[in-house]
Each structure stands twice: as C-alpha cells, then as structure tokens.
Amino acid sequence: MTTAGASTADTPASTTDAPGASVDTPAAAAQAPSASAVWARRVTDGVEPKNVILAFLPLIGVVRYGWTGLAWAAFAALFAAIVPTLFIRAGMRRGSLEDRHVGQRKRRLVVIPFIMASVLFSFAVMVLADAPADMTAMVAAMFAALVPIMVITVWWKVSIHTAVAAGAVVCTTVALGPWWLLLLAAVPVIGWSRVVLRDHTLAQTVVGALVGAATAGLTFWAAR
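Residues numbered from 1 in each chain as written. Predicted model: local features only at pLDDT ≥ 70, side-chain atom pairs only at ≥ 80, totals over all residues. Heavy atoms only, no water.

### Let's talk about the overall build of the protein
Then comes step 1: In terms of regular secondary structure, the protein is built from eight helices and zero strands.
Then comes step 2: Reading the secondary structure of the protein in the N-to-C direction produces α-α-α-α-α-α-α-α.
Then comes step 3: Within the span of the protein, comprising 224 residues, buried residues form 43% of the whole.
Then comes step 4: Pairs at least 24 apart in sequence give 76% of the contacts found in the protein among residues at least 6 apart. (Helix = DSSP H or I, 4+ residues; strand = E, 2+ residues; numbered from the N terminus. Buried < 20%, exposed > 50% of the residue type's maximum accessible area, 1.4 Å probe, protein only. Contact = heavy atoms within 4.5 Å.)

What follows is the structure, encoded as structure tokens:
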C-alpha cells in the first residue's frame with residue numbers, strides 16, 4: 001500500500017466546480033465525470049462489502065437451513081455489515097472519516113480493527129448458542145480474511161471490495177455447489193471500478209481478490 005495522501009490510490013480522486021462556474025464553461029465540462037466513471041461509481045457503491053455480505057449471508061442461510069438459517073444470517077449481518085456501517089457514518093459526521101469507502105489508508109487502520117471486533121463478538125455468540133455450522137463458518141471466514149487485510153493495510157491499501165466479493169463467492173461455492181463459481185466473473189468488474197475511480201491500483205484489487213478468496217475460502221471449508 002502507498003502512504004496516505006501520497007498517491008491517488010490512497011485517496012479517492014474528486015473534483016468540484018468552482019463557485020459560480022457555469023456548466024457550459026470548458027472548465028465545468030472538463031470536470032464532468034466520464035461515462036466510465038459514472039458506471040464505476042455505480043458498481044463501487046452497489047457492490048460495496050456491506051451489500052455483498054447482506055446478499056450472500058441470507059442466501060447461504062436460507063438454502064442450507066431455511067428460516068433458522070435466515071435468522072442467524074440476519075444476526076451475523078448485523079455485526080458484519082450494519083454495525084460497521086453505522087460506525088463509519090458516525091466517523092463521517094465527526095469528520096474523522098472522509099467517505100463511506102474509507103479512501104485514506106491510515107483511516108482504515110482504525111475502521112478494520114473495529115469491524116474485526118464486531119465480527120468476533122458475533123462469532124463468539126454463535127459458537128456459544130450452537131448456531132448452524134455454515135453460518136458460524138461464514139463469520140469465521142470473514143474474520144480470517146480481515147487478518148491479512150489488516151496486516152497489509154499497514155503498508156499498502158489493498159482492496160476490501162474485491163477481497164469481500166471473491167471470498168463470498170468462494171464460500172458460497174463450497175456451501176452450495178460449483179455453479180456459484182461463475183460469479184467470480186463479477187470480481188474483475190468490481191476491481192475495474194475501483195481502478196477507474198482511482199481508489200486503488202490494479203495490483204491492489206488483484207491482491208485483495210486473491211487474499212479474500214484464499215483466506216475466506218480455506219477458513220470456511222475447514223470450519224464448517
């Protein structure tokens with residue numbers, strides 16, 4: 001990862017119109033986002049880690065365990081997706097975090113440990129309550145993937161978007177069958193969106209996907 005503020009890969013690129021500038025002026029036209037940037041923003045926001053977790057946890061829960069699985073998926077998602085989102089929004093209101101994707105690497109060194117603690121709490125509750133095996137294994141996989149991500153983030157801004165997406169697809173494939181592996185085709189698209197928006201380099205998205213797929217996949221397979 002690059003040092004925060006030293007590269008566009010650490011801080012999202014953004015532009016604002018000068019006060020009083022008309023949209024018809026050349027300067028305003030130059031600042032207008034391109035079609036690729038618009039689509040990249042839609043992908044980045046639509047398939048952010050929170051939304052991936054909220055989609056895949058209930059999917060595995062319902063298919064494997066029905067209503068019981070859905071209930072445990074909702075519990076796990078509360079601490080893996082909702083609570084972290086509220087933490088980030090609170091940071092944005094205070095001004096300590098600049099955006100929902102936490103573009104600055106050093107800020108992630110605060111957010112990631114909070115997410116790890118939240119996920120670990122839900123894992124402990126699920127183990128004590130004897131939650132369904134695949135639900136507990138999914139939470140274990142999420143925590144395991146965050147460990148190398150946290151370590152790498154100390155030096156380099158690895159992509160959490162691609163890590164979560166790739167990890168979710170591999171875990172779902174292990175749980176529900178090989179056809180789900182086709183969803184890996186979406187991971188390069190997510191990586192493309194992060195590069196276009198200058199939130200990451202290509203290398204950071206690739207490493208994120210590999211770390212997420214390997215760590216989450218192996219942990220889920222071993223823990224279920």
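Moving on, there is more to tell.
### Some remarks on the packing of helix α6 (residues 160–176) against helix α7 (residues 186–196)
Then comes step 1: Relative orientation of the contacting elements α6 and α7 amounts to 170 degrees, with a least axis distance of 9 Å. Our classification of the angle between α6 and α7 gives roughly antiparallel. Taking contact as the criterion, the partners of His161, Thr162, Ala165 and Ala166 in α6 are, on α7, Val187, Ile190, Gly191 and Arg194.
Then comes step 2: Broken down by class, the residue content of the contact of α6 with α7 amounts to four nonpolar, three polar and one charged. (Axes fitted to C-alpha atoms, helices over the stretch in contact; angles between N-to-C directions. Parallel < 35°, antiparallel > 145°, perpendicular 65-115°, else oblique. Nonpolar A, V, L, I, M, F, W, Y, C, P; charged D, E, K, R; others polar.)

### Examining the packing of helix α2 (residues 35–46) against α7
Then comes step 1: Running from amino to carboxyl end, α2 crosses α7 at an angle of 125 degrees, the nearest separation of the two axes being 8 Å. Between α2 and α7, the angle falls in the class oblique. As α2 packs across α7, the resulting crossing turns out to be left-handed. Contact residues: α2 offers Ser36, Ala37, Trp39, Ala40, Val43 and Thr44, while α7 offers Val189, Ile190, Trp192, Ser193, Arg194 and Val196. (Left-handed = near helix turned anticlockwise from the far one by under 90°.)

### Re helix α5 (residues 133–153)
Then comes step 1: Here α5 is 21 residues long and its end C-alpha atoms lie 30 Å apart, about the 30 Å a rise of 1.5 Å per residue gives.
Then comes step 2: Taken across its 21 residues, α5 has 15 buried, putting it largely inside the fold. (Expected span 1.5 Å × (residues − 1).)

### As for the environment of Ala141
Then comes step 1: Among the secondary structure elements, Ala141 is positioned in helix α5.
Then comes step 2: For Ala141, a relative accessible area of 1% corresponds to the buried category.
Then comes step 3: Each C-alpha atom of the pair Ala141 and Gly217 lies 7.0 Å from the other, and the pair is 76 residues apart in sequence.
Then comes step 4: Not counting chain neighbours up to four residues away, the residues in contact with Ala141 comprise Cys171, Ala216, Thr219 and Phe220.

### Points about the pattern of salt bridges
Working definition: two side chains of opposite charge can pair if their charged atoms are close together.
Then comes step 1: One pass over the full model with this rule turns up seven salt bridges.
Then comes step 2: Residues Lys50 and Glu48 are paired through a salt bridge, measuring 3.9 Å at the closest nitrogen-oxygen approach.
Then comes step 3: Judged by relative accessible area, Lys50 falls into the partly exposed class, the value being 21%. (Salt bridge = Lys/Arg side-chain N within 4 Å of Asp/Glu carboxyl O.)

### Details of the confidence of the model for the protein
Then comes step 1: Per-residue confidence for the protein gives a mean pLDDT of 89; residues scoring 70 or more make up 86%.
Then comes step 2: Contacts for the low-pLDDT stretch residues 1–29, under 50 throughout, to residues beyond four places or in other chains number 56 contacts. (pLDDT = per-residue confidence, 0-100.)

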